[in-house]
Amino acid sequence: MASLFKLGRSRTIRLIQSFPAVKLHLTGAVMRATEVEFDKAKEHLKTLKNDPGNDTKLRIYALFKQATQGSCSSPKPGMLDFVNKAKWEAWNSLGNISKEDARQKYVDLVGTLISSEAPIQKEATTAGDPKSSYQTLQVTTENNITTILLNRPEKKNAISRKMYEEIMQALEQAGKDDSVLTVMTGSGDYYCSGNDLSNFTQVGAEGVEKLARDSGELLTRYVSHFIDFPKPLIAVVNGPAVGIAVTGLGLFDVVYATDRATFHAPFSQLGQSPEGCSSYTFPKMMGTAKANEILLFNKKLTAAQACDLGLVTEVFPDNTFQQEVWKKLRAYAKLPKDSLRYSKQLIRGMEKEKLHAVNAQECVRLQERWLSEECMNAIMSFFQNKSKL
Ligand SMILES: CCCCC/C=C/CC(=O)SCCNC(=O)CCNC(=O)[C@H](O)C(C)(C)COP(=O)(O)OP(=O)(O)OC[C@H]1O[C@@H](n2cnc3c(N)ncnc32)[C@H](O)[C@@H]1OP(=O)(O)O
């Protein structure tokens, strides 16, 4: 049951059952708020960033009615008129408290809500915050959006082992935090140049087989985090994307791209094979023949081509990209959080098992590929500066 109801004349708030109620302890009304303070509180209420929960919203509604109209004297709405019944009960529960007392309680309640938001914002920048301890990412939460910024611009945001681990950690946190949307984007001119090829050059004493096994295990876990991510996940593709940064897009819910972005999955050129579940998501999304051009024959797509094939949701001119995309996202982030989460889970849920099976199969094949001469030669060529994409 989610519906809209009016609070006073100007404010519309949503009644959403699943938001946790904020418990407030009102102080006894010794002082009497003036009408000016009451009007100010009404204005302050509009600046609240976080949903205070249904109980609090009903309390605010009731105090407003009592302060402006006095005790409730209207008839009780019918059983099935859930919203108006809840409002009536909240107002009626105030009994005969005076308009002045109700005004003071309203001012106190709004004041508590406003001041309870200030420390939360401050905490987000303190050193103890896990979000500030990433080495390869910058993770922030603002306007109900958690943004995971890939932050190795000097390496075109290539994904090192540390970065795989940090992205998984950031996804786990974003999945649990209060944000409505999670966004992944890149810093600098690239979205991401894919796997950091030096991941394959750090061979330990136990040899290349162990390195391939560890890499397979890491990749399986990494891709699983996208398959299982519980809320809407959006890619803001700010520049070229390569390899796993392209294939993984099939596991995002929406992909926005600048018209400067390109999409390149050069697996056969690197002696490798597809990952990120793309051997399943790409043919499903665009048809087998189109997927083959990308995954077998290294076809690099423009943003417009990727959009025509369904890999990208919408393309924006580079000079207005950030402005247009963030405006859209801020509006989406005002939608009811749980409704979005459950809808995403319905859309993706049926496929989850299949996607995990595809992921496992792709990683087994890759472990074999990484040990192949084809792959080793390609990586050596890159580091000897003989080959770039
Ligand atoms: C744990 C294992 C999991 C494995 C998962 C498998 C995934 C598969 C893939 O992702 S395949 C794709 C791999 N990516 C590439 O092959 C890209 C390689 N990079 C390039 O071809 C070029 O760098 C470029 C086209 C992306 C950009 O070229 P440009 O000339 O514009 O810039 P530079 O080459 O000078 O790059 C700047 C510095 O960044 C380093 N770098 C860029 N990408 C990577 C990368 N993927 N791996 C390692 N290093 C990368 C580049 O070497 C430069 O470094 P330097 O300044 O120290 O020389």
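Residues numbered from 1 in each chain as written. Predicted model: local features only at pLDDT ≥ 70, side-chain atom pairs only at ≥ 80, totals over all residues. Heavy atoms only, no water.

Peer 1: Looking at this structure, how should I read the packing of helix 5 (residues 161–176) against helix 6 (residues 207–227)?
Peer 2: The description of two helices packed together rests on the angle between their axes and the distance between the axes. One way to put it is that helix 5 packs onto helix 6 with a least axis distance of 10 Å and a crossing angle of 25°. It follows that helix 5 is roughly parallel to helix 6 by the angle criterion. Where helix 5 crosses over helix 6, the two elements pack in a sense that is left-handed. Between helix 5, through R161, Y164, E165, I167, M168, L171 and E172, and helix 6, the contact on the second element is made entirely by L211, S215, L218, R221, Y222, H225 and F226. Each residue belonging to the contact of helix 5 with helix 6 can be placed in one class, and the counts come to eight nonpolar, two polar and four charged. (Axes fitted to C-alpha atoms, helices over the stretch in contact; angles between N-to-C directions. Helix = DSSP H or I, 4+ residues; strand = E, 2+ residues; numbered from the N terminus. Parallel < 35°, antiparallel > 145°, perpendicular 65-115°, else oblique. Left-handed = near helix turned anticlockwise from the far one by under 90°. Contact = heavy atoms within 4.5 Å. Nonpolar A, V, L, I, M, F, W, Y, C, P; charged D, E, K, R; others polar.)

Peer 1: How should the side chain of K231 be read in this particular structure?
Peer 2: Structurally, K231 can be placed in the loop between helix 6 and strand 6 (233–237). K231 sits in the buried class, given a relative accessible area of 2%. A polar contact is formed between the side chain of K231 and the backbone oxygen of A174, at a distance of 2.7 Å. K231 has contacts with A174, G175, D177, D178, S179, V180, T182, D253, R341 and K344, leaving out every residue within four places of it along the chain. (Buried < 20%, exposed > 50% of the residue type's maximum accessible area, 1.4 Å probe, protein only. Polar contact = N/O pair within 3.5 Å; in protein donor to acceptor, adjacent residues only side chain to side chain.)

Peer 1: It is not clear to me how the packing of helix 2 (residues 54–69) against helix 3 (residues 82–92) should be interpreted in this structure. Could you clarify?
Peer 2: Two elements in contact, helix 2 and helix 3, have axes whose closest approach is 8 Å; the angle formed by their N-to-C orientations is 60°. Taken as axis vectors, helix 2 and helix 3 run oblique relative to one another. Here the hand of the crossing between helix 2 and helix 3 comes out right-handed. Across from L58, Y61, A62, K65, Q66 and Q69 in helix 2, the residues of helix 3 making contact are A86, K87, A90 and W91. When grouped by side-chain class, the residues that make up the contact of helix 2 with helix 3 number six nonpolar, two polar and two charged.

Peer 1: What's the story with the sheet that holds strand 10 (residues 301–302) in this structure? I'm lost.
Peer 2: Hydrogen bonds between backbone groups are what pair the strands of a sheet, and the pairing can be parallel or antiparallel. As summarised here, the arrangement of the three strands in space is 7-9-10, forming an open sheet in which the pairing is mixed. On the outer flanks of this sheet lie strand 7 (241–242) and strand 10, each paired with one strand and no other. Pairing analysis gives two bridges linking strand 9 (residues 262–264) to strand 10, with the strands arranged antiparallel. Bridging across to strand 10, F263 finds its partner in L301. (Pairing = 2+ DSSP bridges.)

Peer 1: Would you mind showing me how to read helix 3 here?
Peer 2: Within an α-helix, residues lying three or four positions from one another point in the same direction, as the helix has 3.6 residues per turn. Among the residues of helix 3, those classed as buried are V83, K87, W88, A90 and W91. With its buried residues spanning 165° around the axis, helix 3 presents them on a single face. (Arc of directions from axis to C-beta.)

Peer 1: Just checking my understanding: could you explain the state of the cysteines for this structure?
Peer 2: Cysteine pairs can be covalently joined through their sulfur atoms, and such a bond is termed a disulfide. Under the definition given, this model contains zero disulfides. Considering cysteine sulfurs only, C363 is the nearest to C277, which forms no disulfide, with 8.3 Å between them. (Disulfide = S-S within 2.5 Å.)

Peer 1: Just to check I follow, could you spell out unusual backbone geometry for this structure?
Peer 2: One can expect most non-glycine residues to show negative phi and most peptide bonds to be in trans. For C277, which is not glycine, the phi dihedral falls at a positive 70°. Position of C277 relative to the elements: it lies in the loop between strand 9 and helix 8 (278–286). Note on C277: relative accessible area 0%, which makes it buried.

Peer 1: What is the right way to read the packing of aromatic side chains from this model?
Peer 2: Two aromatic rings, taken as a pair, are described by how far apart their centres are and by the angle between their planes. Across all of its chains, the model carries nine aromatic pairs by this definition. Pairing Y222 with F226 gives two aromatic rings, centres 5.1 Å apart and planes at 65°, and the pair type is edge-to-face. Linking Y222 with F226, this pair stays in helix 6, spanning four residues, or about one helical turn. The class of Y222 is buried, set by a relative accessible area of 6%. Assessed through its relative accessible area of 6%, F226 is described here as buried. An aromatic cluster of at least three residues, connected via ring pairs, comprises Y164, Y222, F226 and F252. A cation sits over an aromatic face here: R341 above Y342, 4.9 Å from the ring centre. (Phe/Tyr/Trp six-rings, centres within 6.5 Å; stacked < 30°, edge-to-face > 60°. Lys NZ or Arg CZ within 6 Å of the ring centre and 35° of its normal.)

Peer 1: I'm lost on the pattern of salt bridges in this one. Help?
Peer 2: Side chains that differ in charge, positive against negative, can pair when their charged atoms come close. Across all of its chains, the model carries 24 salt bridges by this definition. Residue D189 is joined to K156 by a salt bridge in which the shortest nitrogen-to-oxygen separation is 3.2 Å. With D189 in the loop between strand 5 (181–186) and helix 6 and K156 in the loop between strand 4 (145–150) and helix 5, the pair connects residues that are 33 residues apart, well separated along the chain. According to the relative accessible area criterion, D189 is partly exposed, its value standing at 36%. Given a relative accessible area of 33%, K156 falls into the partly exposed group. With its nearest N and O atoms 3.6 Å apart, the salt bridge here joins E293 to K299. Residue K299 is classed as partly exposed on the basis of its relative accessible area of 31%. By sharing partners, the salt bridges in this structure join R365, E368, R369 and E374 into a single network. (Salt bridge = Lys/Arg side-chain N within 4 Å of Asp/Glu carboxyl O.)

Peer 1: I tried to follow the pairing of strand 6 on my own but got confused; where do I start?
Peer 2: Every other side chain in a regular strand lies on the same face of the sheet, so the side chains alternate between the two faces. Counting buried residues along strand 6, five of its five residues qualify, which places the element largely inside the surrounding structure. Sheet analysis places strand 5 next to strand 6, joined by four bridges and oriented parallel. Residue pairing for strand 6: T182 is matched across the bridge by L233. Where the polypeptide runs from strand 5 across helix 6 and back to strand 6, its parallel neighbour, the crossover connection is right-handed. (Right-handed = clockwise from strand over helix to strand, strands pointing away.)

Peer 1: Honestly, the site of the ligand in this entry has me stumped. Any pointers?
Peer 2: Close to the ligand lie 25 residues; K155, S193, N195, L197 and K388 are nearest. In this structure, an oxygen atom belonging to the ligand sits 2.8 Å away from a main-chain N or O atom of N195. The separation between a nitrogen atom of the ligand and a polar main-chain atom of L197 is 2.8 Å. Within the complex, 79% of the 1,100 Å² of free accessible area of the ligand lies under protein. When residues of the shell around the ligand are assigned to their parent elements, the largest contribution, three residues, is made by helix 6. Among the residues making up the shell around the ligand, the classes are represented as 13 nonpolar, six polar and six charged. (Near = heavy atom within 4 Å. Areas by Shrake-Rupley, 256 points an atom, 1.4 Å probe, with all protein chains shown as cover.)

Any functional reading would require information beyond the geometric quantities listed.
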